Amino acid sequence: MTAPSALPAPHDTPLDLGGRTALVTGAAGGIGRACALRLAAAGAKVRAVDRDAEGLEALAAAAGDLGGAVEPLVLDLTDLDAAEAAAAGTDVLVNNAGLQLVRPIEEFPPDVFHTVLTVMLEAPFRLLRGALPHMYGQGWGRVVNISSVHGLRASAYKSAYVAAKHGLEGLSKTTALEGASHGVTSNCVNPGYVRTALVEKQIADQALAHGIPEERVVAEVLLQDSALKRLIEPKEVAQAVAYLCGPQASFVTGTSLVLDGGWTAH
């Protein structure tokens, strides 16, 4: 019997994004910063988008210390035309930027609802419009949308955030279907609560909304449905993003990689 020809072992292949350009939104801190550093370490030239100029400068310095390349781009994603233009020539697109406000629906400010949907759903759509022509032209691209467990489940008092993340899930799947014949994959990464400034702010907001002390919020509200009783670290999310950009994930598209500590196992 003739032995089958050896197949490549993508699990043995380190992530190599040399010559690629990656765009990461919300890159000045938290998950976005960790993703930018991880992709830069893999050789990508990272276009780091955020409103926080000082945070971007610190990110670029940290990447430089590690031998990576980060191009800071100060941009407010509510400027949708500018967002679309910024994505031109992108090989890897990581839609990460987000904001949160915890309020009952009847008290939720309409202007904030509009801003959340603009930054977290409409801006990713415009960034895709800017990035996909280049990806299609070269027959390769990776889109990773940082969704959330709230893209799959709802929580009270988070109407805008939950609506935006559910919409992002649908946008990601549509991108996967349209991009498949062009060598472009599109997936979501769905973490539970990550140790970021956004979550730290939520603790105070949740304490107010639920009428309990802040020290009870993490255990009784944030991690109530999680089997693993800890926050996820940004670097863990960044490794999931790296996996989806690597050769071992070439057949993974149109799905959600859930990092929720068992939350959705209920």
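One numbering rule holds for all chains: residues counted from 1, following each sequence as written. Totals for whole chains, interfaces and linings use every residue, but because this is a predicted model, local features are given only for residues with pLDDT of at least 70 and side-chain atom pairs only at 80 or more, for both listing and counting. Excluded from the side-chain calculations are hydrogens and water; all other atoms, namely the structure's heavy atoms, are used.

Novice: Account for the packing of aromatic side chains, naming residues and giving values.
Specialist: Working definition: an aromatic ring pair is given by the centre-to-centre distance plus the angle between the planes. Between 30 and 60 degrees the pair is tilted, below 30 it is stacked and above 60 it is edge-to-face, where a pair is any two Phe, Tyr or Trp rings, Trp via its six-membered ring, whose centres lie within 6.5 Å. For the structure shown, the criterion picks out 2 aromatic pairs. Measuring from ring centre to ring centre gives 6.1 Å for Phe108 and Phe113, while their planes differ by 85°; the resulting arrangement is edge-to-face. Of the residues examined, Phe108 reaches a relative accessible area of 9% and is grouped as buried. For every residue, the accessible area obtained with a 1.4 Å probe (protein chains only) is divided by the maximum for its type, and the residue is called buried under 20%, exposed over 50%, and partly exposed between those limits. Residue Phe113 is classed as partly exposed on the basis of its relative accessible area, which comes to 33%. With 5.8 Å between their ring centres and 20° between their planes, Tyr193 and Trp263 make a pair best called stacked. Here Tyr193, found in the loop between strand 6 (184-191) and helix 6 (197-210), pairs with Trp263, found in the segment after strand 7 (256-259); they are 70 residues apart in sequence, far enough to count as distant. Taking the ring centre of Trp140 as reference, the NZ or CZ of Arg20 above it sits at 3.9 Å. Strands are runs of DSSP state E lasting at least 2 residues, helices are runs of H or I lasting at least 4, and numbering of each runs from the N terminus. Here, over-ring charges are defined by two tests on the NZ atom of lysine or the CZ atom of arginine: distance to the ring centre within 6 Å, and angle to the ring normal within 35 degrees.

Novice: So, the packing of helix 4 (residues 110-138) against helix 5 (residues 159-179): which residues are in play, and what are the values?
Specialist: Relative to each other, helix 4 and helix 5 sit at 15°, their axes nearing to 8 Å. Between helix 4 and helix 5, the crossing angle belongs to the class labelled roughly parallel. Read as a crossing pair, helix 4 and helix 5 show a hand that is right-handed. Where helix 4 approaches helix 5, its residues Phe113, Val116, Leu117, Met120, Leu121, Pro124, Phe125, Leu128, Leu132 and Tyr136 are matched on the opposing element by Ser159, Ala160, Tyr161, Ala163, Ala164, Lys165, Gly167, Leu168, Leu171, Thr175, Glu178 and Gly179. With axes taken as lines fitted to C-alpha atoms, and helix axes fitted only over the stretch in contact, angles between N-to-C directions fall between 0 and 180 degrees. Between 65 and 115 degrees an angle is taken as roughly perpendicular, under 35 as roughly parallel, over 145 as roughly antiparallel, and anywhere else as oblique. The sense of a crossing depends on the near helix, which, turned anticlockwise from the far helix by less than a right angle, makes the crossing left-handed and, turned clockwise, makes it right-handed. Contacts are residue-level and defined by heavy atoms, with any inter-residue pair within 4.5 Å sufficient.

Novice: Any details on the sheet that holds strand 2 (residues 45-50)? Residues and values, ideally.
Specialist: Should DSSP find at least two bridges between two strands, the strands are taken to pair. The 7 strands are arranged 3-2-1-4-5-6-7 in an open sheet whose pairing can be described as parallel. What marks the edges here is a single partner per strand, and that holds for strand 3 (69-74) and strand 7. In this sheet, adjacent strand axes meet at a mean angle of 15° when their direction is disregarded. Two elements, strand 5 (residues 141-146) and strand 6, share 6 bridges in a ladder whose sense is parallel.

Novice: Before we move on, could you go through the nonpolar core and cite the residues and values that matter?
Specialist: In terms of nonpolar packing, the biggest core is built from 38 residues, with Leu39 and Val46 touching the most fellow members. When contributions to this core are tallied by element, the ones reaching two or more residues are strand 1 (21-25), helix 1 (30-41), strand 2, helix 2 (53-65), strand 4 (92-95), strand 5 and helix 8 (234-245). Discounting residues that sit within four places of it in the chain, Val46 has contacts with Ala22, Val24, Ala36, Leu39, Ala40, Ala69, Val70 and Glu71. Formed by 28 residues, the second largest nonpolar core is a distinct cluster that contains Ala83, Leu93, Leu132 and Val143. Definition used in this section: a nonpolar core is a set of buried Ala, Val, Leu, Ile, Met, Phe, Trp, Tyr and Cys residues joined via side-chain atoms within 4.5 Å.

Novice: Can you explain the pairing of strand 6? Please cite residues and give values.
Specialist: Burial analysis of strand 6 places 8 of its 8 residues in the buried class, which makes it a mostly covered element. Here strand 6 shows no split at all, with Val184, Ser186, Cys188 and Asn190 on one side and Thr185, Asn187, Val189 and Pro191 on the other all buried. Place the viewer so that the strands point away; then a crossover is right-handed whenever the path from the first strand over the helix to the second strand goes clockwise. Handedness of the crossover joining strand 5 and strand 6 through helix 5 is recorded here as right-handed. Pairing between strand 6 and strand 7: 4 bridges, direction parallel. Residue pairing across strands places Cys188 opposite Ser256, the latter belonging to strand 7.

Novice: Quick rundown of helix 1? Include the residues and the values.
Specialist: In an α-helix, one turn spans 3.6 residues, which is why side chains three or four residues apart end up on the same side. Compared with the 16 Å implied by 1.5 Å per residue over 12 residues, the 17 Å span of helix 1 between its first and last C-alpha is a close match. Considered for burial, the residues of helix 1 that qualify are Ile31, Gly32, Ala34, Cys35, Ala36, Leu37, Leu39 and Ala40. Gly43 sits one or two residues past helix 1 and shows a positive phi near 105°. Multiplying 1.5 Å by the residue count of a helix minus one yields the expected span of that helix.

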